[in-house]
Amino acid sequence: MVIDLRSDTVTRPTAGMKEAMFAAPVGDDVFGEDPTVNALEEKLAGLFGMEAGLFCPSGTMTNQIAIRLHTRIQTEVICHQYSHIYLYEGGGIMANSLASVKLLTGDLGKITTAQIAESINPDDVHAPETTLVSLENTMNKGGGSIYTLDEIKPIHALCKEKGLKLHLDGARLFNALVETGESPADWGAHFDTISICLSKGLGCPIGSLLLGTKSDIKRARKVRKVFGGGMRQAGILAAAGIYALDHQIDRLKEDHARARALGEILRKQSFVTETLPVSTNIVIAKLVGITPEELLQKLAEKNIKAVKFGKDLVRFVTHHDFGDAELEEFGKQIGKM
Ligand SMILES: *Cc1c(COP(=O)(O)O)cnc(C)c1O
């Protein structure tokens, strides 16, 4: 048994999902004629109470399109220093949008209204114009930490007051929502654009959606084209997304329960000093007396995979293909180390 906890992207489509993919009616989506893509875009936008959606190959693309929509050359994005849009998207803020970025610090990868207010540039010849605030929920580098709607509301109000756009990298937003019980529509009401990944905990092979107003999504379609993301009979992939939204949201709670159990097992090991609080499906363990490379090597010998996540940090992510049997095996193997 191989236990792959490197990411929730390693999940494979289930039999039911594959059947839905095979059965999907398709057309040419660049002509706007793929009925399954259109259905997925309408379904997810509807769920969030937003006007329109755009199906893209990756969450990097949906985030980068959003940044392009909300910035121009010589403008600036405000985000946490650990944001995916900054750390893990290949310098795309600069490369795709010629924009600058202001990085904020904050516990568990989160930033506050007061910090943002202080970071908005003055109308001054020296400064890039601040046009966008980008948040991430759940926060990957924060150990899958959650923003609640109560934290978002004042940020949204500030952005409105200052004329800034607010984007959400919601790659794992459903992980947050199944924990808090908050409704997608309430989240949709507080952002200009939201990016959602289907290829993480929701278990699809490919795909992310960008949600926003009709006019923003119309512009986003053009940006997707120039990024090379216009796809043809993409309904085969979109069908997996529709299936996931219908069948695989609630089960994210199981991933969270197993992550909490995994965190407990890890905290009992002599080589772990602590984990970040486990809020969703991500466990970040802080090591002592062993380097991440050494631990990963030892784990690999037991057929367990994880990733280095900092100088003394290792990340474990639970997902659809990590069940109770895998959790038990993980405990057994770790006990032998
Ligand atoms: C995975 C992820 C993305 C998008 O990644 P892709 O691999 O390009 O789909 C964006 N933001 C966060 C927080 C992620 O975890």
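Please refer to the structure placed before this passage.
An account of the accompanying structure is given in this report. (Residues numbered from 1 in each chain as written. Predicted model: local features only at pLDDT ≥ 70, side-chain atom pairs only at ≥ 80, totals over all residues. Heavy atoms only, no water.)

### Here's the deal with the sheet that holds strand β5 (residues 129-136)
Alright, step 1. In spatial order, the strands read β2-β8-β7-β6-β5-β3-β4; together these seven strands make up an open sheet with mixed pairing. The sheet terminates laterally at β2 (52-56) and β4 (100-104), the two strands that pair on one side only. When the angles between neighbouring strand axes are averaged without regard to direction, this sheet yields 20°.
Alright, step 2. Alignment of strand β3 (residues 75-80) against β4, held across five bridges, turns out to be parallel. What sits directly across from H80, in β4, is L104. (Pairing = 2+ DSSP bridges. Helix = DSSP H or I, 4+ residues; strand = E, 2+ residues; numbered from the N terminus. Axes fitted to C-alpha atoms, helices over the stretch in contact; angles between N-to-C directions.)

### Comments concerning the packing of aromatic side chains
Alright, step 1. Under the defined criterion, the tally for this structure stands at three aromatic pairs.
Alright, step 2. Ring geometry for F48 and F174: centres 5.7 Å apart, planes at 65°, overall edge-to-face. One end of the pair, F48, is in the loop between α2 (35-47) and β2; the other, F174, is in helix α8 (residues 173-180), with 126 residues separating them in the sequence. Neither F48 nor F174 differs from the other in exposure class; each is buried.
Alright, step 3. Summarising the aromatic geometry, the rings of F316 and F330 are spaced 5.9 Å apart at their centres and angled 80° between planes, so their arrangement reads as edge-to-face. Linking F316 in strand β13 (residues 313-317) with F330 in helix α14 (residues 324-335), this pair joins segments that are 14 residues apart in sequence. Here F316 and F330 have matching classes, each one buried.
Alright, step 4. When the ring centre of Y147 is taken as reference, the NZ or CZ atom of K110 above it lies at 5.3 Å. (Phe/Tyr/Trp six-rings, centres within 6.5 Å; stacked < 30°, edge-to-face > 60°. Buried < 20%, exposed > 50% of the residue type's maximum accessible area, 1.4 Å probe, protein only. Lys NZ or Arg CZ within 6 Å of the ring centre and 35° of its normal.)

### Some words on the sheet that holds strand β9 (residues 272-275)
As a general point, the strands of a sheet are linked pairwise by backbone hydrogen bonds and lie either parallel or antiparallel.
Alright, step 1. Overall, antiparallel pairing links the four strands, which are arranged β9-β10-β13-β12 in an open sheet. Bordering the open sheet on either side are β9 and β12 (307-310), each of which pairs with just one other strand. Pairs of neighbouring strands in the sheet enclose a mean axial angle of 35°, with direction left out of account.

### Considering the pattern of salt bridges
Alright, step 1. As enumerated under the stated definition, the model contains 15 salt bridges in all.
Alright, step 2. Between R251 and D255 there is a salt bridge, and its shortest N-O distance comes to 2.5 Å.
Alright, step 3. Judged by its relative accessible area of 13%, R251 is buried.
Alright, step 4. Note on D255: relative accessible area 0%, which makes it buried.
Alright, step 5. E293 is the partner of K308 in a salt bridge, and the nearest nitrogen-oxygen pair spans 2.9 Å. With a gap of 15 residues between them, K308 in strand β12 and E293 in helix α13 (residues 292-301) connect regions that are remote in the sequence.
Alright, step 6. For K308, a relative accessible area of 40% gives the class partly exposed.
Alright, step 7. One salt-bridge network, in which partners are shared between bridges, spans E254, R258 and D324. (Salt bridge = Lys/Arg side-chain N within 4 Å of Asp/Glu carboxyl O.)

### Notes on the packing of helix α12 (residues 252-267) against α14
Alright, step 1. The geometry of α12 relative to α14 is characterised by a closest axis approach of 11 Å and an angle of 5° between their N-to-C directions. When the axis of α12 is compared with that of α14, the two are roughly parallel. On α14, the residues that touch R258, A261, L262, I265 and L266 of α12 are D324, L327, F330, G331 and I334.
Alright, step 2. Taken together, the residues of the contact of α12 with α14 break down into seven nonpolar, one polar and two charged. (Parallel < 35°, antiparallel > 145°, perpendicular 65-115°, else oblique. Contact = heavy atoms within 4.5 Å. Nonpolar A, V, L, I, M, F, W, Y, C, P; charged D, E, K, R; others polar.)

### Quick look at unusual backbone geometry
Alright, step 1. Of the consecutive residues N137 and T138, the connecting peptide bond is found in the cis state with omega at -5°.
Alright, step 2. Mapped onto the secondary structure, T138 falls in the loop between β5 and α7 (149-162).
Alright, step 3. Phi at L98 takes a positive value of approximately 55°, unusual for a residue other than glycine.
Alright, step 4. In this fold, L98 is placed in the loop between α5 (92-97) and β4.
Alright, step 5. Since its relative accessible area comes to 52%, L98 is described here as exposed.
Alright, step 6. In this structure, L108 takes a positive phi of about 55° despite not being glycine.

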